[in-house]
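Observations on the three-dimensional arrangement
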Amino acid sequence: MMASAAQLLEMKSLTLLGSTGSIGVNSLDVVRHNPGLYRVYALAAGRNVDVILKQIIEFQPEVAVLAAPAEMNRLAAALSDSGLPRQNWPELACGPAALVAVSTVSAVDMVISAIVGVAGLEATYEAVCLGKRVGLANKEVLVSAGQLVMTAVAAHHAELLPIDSEHNGVHQCLRAGNRDQVSKLILTASGGPFRNTSKHALQSVTPAQALNHPTWKMGKRITIDSATLMNKGFEVIEACWLFDFAPAQVDVVIHPQSTVHAMIEYSDGSVLAQISATDMRMPIQYALTWPERWQAPVPKIDWKEARHWDFEPPDFDRFPLLKLAYQCQQTGGSATCTLNAADEIAVESFLNGEISFPAIAAVVEETLSRMANRQPRSVGDILEIDKESRAMARSLAVRQAAAAQPVPVRA
Ligand SMILES: NC(=O)c1ccc[n+]([C@@H]2O[C@H](COP(=O)([O-])OP(=O)(O)OC[C@H]3O[C@@H](n4cnc5c(N)ncnc54)[C@H](OP(=O)(O)O)[C@@H]3O)[C@@H](O)[C@H]2O)c1
């Protein structure tokens, strides 16, 4: 699609945090399909040198950031091998300070925050503090530091546009009416691969089964979080912060077709829904073009085809992490930061085959019960609580793993 002269005049510049991940790759596809929309200023990733190399050659950013010096050196070698003339190389950088630098530089209008976990927090927070437009996919930012980030959004008049499909759906629905007359937000959940699996059978599900999400193709952490419904719990927390609702005003409903993304209920009982194909490029493009809407490279729903959509309540007994998320948001303070940190460690242990699927919830619950709640006042406080919670969760996961080992038989 050719850009119009008017569009070219308005071309903005973008830093993409997490460019090699599922959201990052989809974001670049949106940029690719809308050549007049954004120029890529910086690409930032962790360790995937092969993918960022291809992205650099195609999008020619001014800066490329990787997680650590070893990856940066690998990228320099790969650029050399690629034959890309040196004058076309981006500046190479690494580590958390470089993430902050590319997110706060005055040349950048918008930051897409799509790093997984708290590694993306500081850069996202600093971009908000400069009043930039931030497209937020990284839900851990609000789960771990919601109070801090939303206070900064208000103080600096930043535009925080949700890319998570459910929150993006809520954002779209809320444009239709008066926020004060909305009584409820309803977030849908696919239910994940174990929607119909019995509690007993959950004991023996494998990482491969848990990674087999029925409707969405995503990174590993969020895919396992979708299987435990922890992801939906994080989304409840994220929704409370983004739209200023109490946890009791945010409902979750299982909708296996993942086509209705969110609904809002008005005080008179009328409900509005946001419906679109299961394709993350729609919410990404919405954040990039808001308040306008452009043609998006996503399939449209064909209403000539017969279809049916199911809705059912979630099972808090089989998926206790969803309930725990509500409780943590109600508790406030550092509870949700610990929830996120402990879950990340427990998911890692499960993926490594060390603990069972139900043990993910057990590790998270016990970590929460052992960590004192406190009021974080800075990104530094959050990172400290995150570190302590991880250490606690790690030791509890090791204990769980040891308890699950069969006792060796002595000769
Ligand atoms: N995927 C979805 O459909 C979806 C939907 C809604 C929300 N989200 C949220 O969006 C975020 C990203 O999800 P995803 O599915 O795209 O995850 P993903 O595929 O695992 O990608 C994660 C990205 O973060 C980068 N990264 C990790 N650690 C880093 C570090 N220390 N420094 C710099 N970059 C680092 C990774 O780089 P390397 O791969 O190069 O190591 C990768 O680019 C998550 O918070 C997730 O909950 C995702």
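Residues numbered from 1 in each chain as written. Predicted model: local features only at pLDDT ≥ 70, side-chain atom pairs only at ≥ 80, totals over all residues. Heavy atoms only, no water.

One can describe the packing of helix H2 (residues 22-33) onto helix H13 (residues 281-289) by two numbers: an axis separation of 9 Å at closest approach and a directional angle of 60°. Taken together, the axes of H2 and H13 lie oblique to each other. For the crossing formed where H2 meets H13, the hand is right-handed. Along its contact with H2, which presents Ile23, Asn26, Ser27, Asp29 and Val30, the element H13 presents Arg281, Ile284, Gln285 and Leu288. (Axes fitted to C-alpha atoms, helices over the stretch in contact; angles between N-to-C directions. Helix = DSSP H or I, 4+ residues; strand = E, 2+ residues; numbered from the N terminus. Parallel < 35°, antiparallel > 145°, perpendicular 65-115°, else oblique. Left-handed = near helix turned anticlockwise from the far one by under 90°. Contact = heavy atoms within 4.5 Å.)

Moving on to the packing of helix H5 (residues 96-104) against helix H6 (residues 121-129). Orientation of H5 relative to H6, taken along the N-to-C sense of each, is 25°, at an axis distance of 8 Å. For the element pair H5 / H6, the angle class is roughly parallel. Relative to H6, H5 is oriented so that their crossing is right-handed. Across the interface between the two elements, Pro96, Leu99, Val100, Ser103 and Thr104 from H5 touch Glu122, Ala123, Glu126 and Ala127 from H6. For the contact of H5 with H6, the class distribution of residues is five nonpolar, two polar and two charged. (Nonpolar A, V, L, I, M, F, W, Y, C, P; charged D, E, K, R; others polar.)

Strand E2 (residues 38-44) sits mainly inside the fold: six of its seven residues count as buried. With six bridges joining them, strand E1 (residues 12-17) and E2 adopt parallel strand pairing. Residue pairing across strands places Leu14 opposite Val40, the latter belonging to E2. Handedness of the E1-H2-E2 crossover: right-handed. Viewed along the sheet, the connection from E2 through helix H3 (residues 49-59) into strand E3 (residues 63-66) turns out right-handed. (Buried < 20%, exposed > 50% of the residue type's maximum accessible area, 1.4 Å probe, protein only. Pairing = 2+ DSSP bridges. Right-handed = clockwise from strand over helix to strand, strands pointing away.)

Turning to the sheet that holds E3, a few remarks are in order. Reading across the sheet, the seven strands line up as E4-E3-E2-E1-E5-E6-E7 and stay open at both edges, with parallel pairing between neighbours. In this open sheet, the two strands that pair with only one neighbour each are strand E4 (91-94) and strand E7 (159-162). Neighbouring strand axes in the sheet, compared pairwise and without regard to direction, differ in orientation by 25° on average. Pairing analysis gives four bridges linking E1 to strand E5 (residues 110-113), with the strands arranged parallel. Along E5, the bridge assignment pairs Leu16 with Ile112. Here helix H4 (residues 69-82) sits on the sheet and contacts E3 and E4; the angle it forms with E4, its principal contact strand, is near 160°.

Nothing here speaks to function; it is geometry throughout.
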